Amino acid sequence: MIIDGDWGTGKTEFCFKLINKFEADHKNYRLLYLDAFQADHADNPLMTLLSSVMKLLPEEKTKSKLLKSAIPVVRYSLAATGKAVVAHALKQNADELAAGFDKAIQDAADTAIDASLKSLLKDHEKAEENLKALQSTLEGIAKSSPIVIFIDELDRCRPDFAVHFLETIKHTFSVEGLKFVLITNTKQLR
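Residues numbered from 1 in each chain as written. Predicted model: local features only at pLDDT ≥ 70, side-chain atom pairs only at ≥ 80, totals over all residues. Heavy atoms only, no water.

### Description of the packing of helix H3 (residues 45-56) against helix H6 (residues 159-172)
At a minimum axis separation of 9 Å, H3 and H6 run at an interaxial angle of 55 degrees. Taken together, the axes of H3 and H6 are oblique relative to one another. Two packed elements cross with a definite hand, and for H3 against H6 that hand is right-handed. In this structure, H3 uses Pro45, Leu46 and Leu49 to contact H6, whose residues at the interface are Phe161, His164, Phe165, Thr168, Ile169 and Thr172. Classifying every residue of the contact of H3 with H6 gives six nonpolar, three polar and no charged. (Axes fitted to C-alpha atoms, helices over the stretch in contact; angles between N-to-C directions. Helix = DSSP H or I, 4+ residues; strand = E, 2+ residues; numbered from the N terminus. Parallel < 35°, antiparallel > 145°, perpendicular 65-115°, else oblique. Left-handed = near helix turned anticlockwise from the far one by under 90°. Contact = heavy atoms within 4.5 Å. Nonpolar A, V, L, I, M, F, W, Y, C, P; charged D, E, K, R; others polar.)

What follows is the structure, given as structure tokens:
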């Protein structure tokens, strides 16, 4: 659900009143308010969302189960980014070196890039399996106490972070019993 309005129209105030109303009327729900602009510096919406959901869970056993299923998904997302950066850096450095060493350095860079890509493909196969395990864990947690996450200020974030945040919600957190309410200025977000 999206609560849409121009800046300064009281969206955040309305959001807090809605959360208070929800808490009064639906005691079994787990509600979370998240200011996306505060997390904009982190560059990893998945980590932001998972750490916030962890705070909602009072039972250590449930936290441990979520953490166990989340770690491989987070590891994959960090590894994929890291491998791409390393491959790009190796390629860039090879392009900058003197002509005499260029061929040897290029071959070494290509070998490192090929190894990274093979590893990345292998990791990608496991990532799908790990993502399903994470989603299953989240669904199990939300079955007894549905989770509603209110995300505010997404329109104030860097465009790449905002898009990555929306993609994370769509692809990772699309599970039964887990809902999102975006409080944003959709014109600005666009």
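### What about the pairing of strand E4 (residues 178-184)?
The element E4 is largely enclosed, with a buried count of six among its seven residues. Here strand E1 (residues 2-4) runs beside E4; their pairing, made up of three bridges, is parallel. Residue pairing across strands places Ile3 opposite Ile183, the latter belonging to E4. As paired elements, strand E3 (residues 147-152) and E4 share six bridges and run parallel to each other. Counted as the bridge partner of Ile147 is Leu178 from E4. Since E3 and E4 lie parallel, the crossover through H6 that links them has a hand, and here it is right-handed. (Buried < 20%, exposed > 50% of the residue type's maximum accessible area, 1.4 Å probe, protein only. Pairing = 2+ DSSP bridges. Right-handed = clockwise from strand over helix to strand, strands pointing away.)

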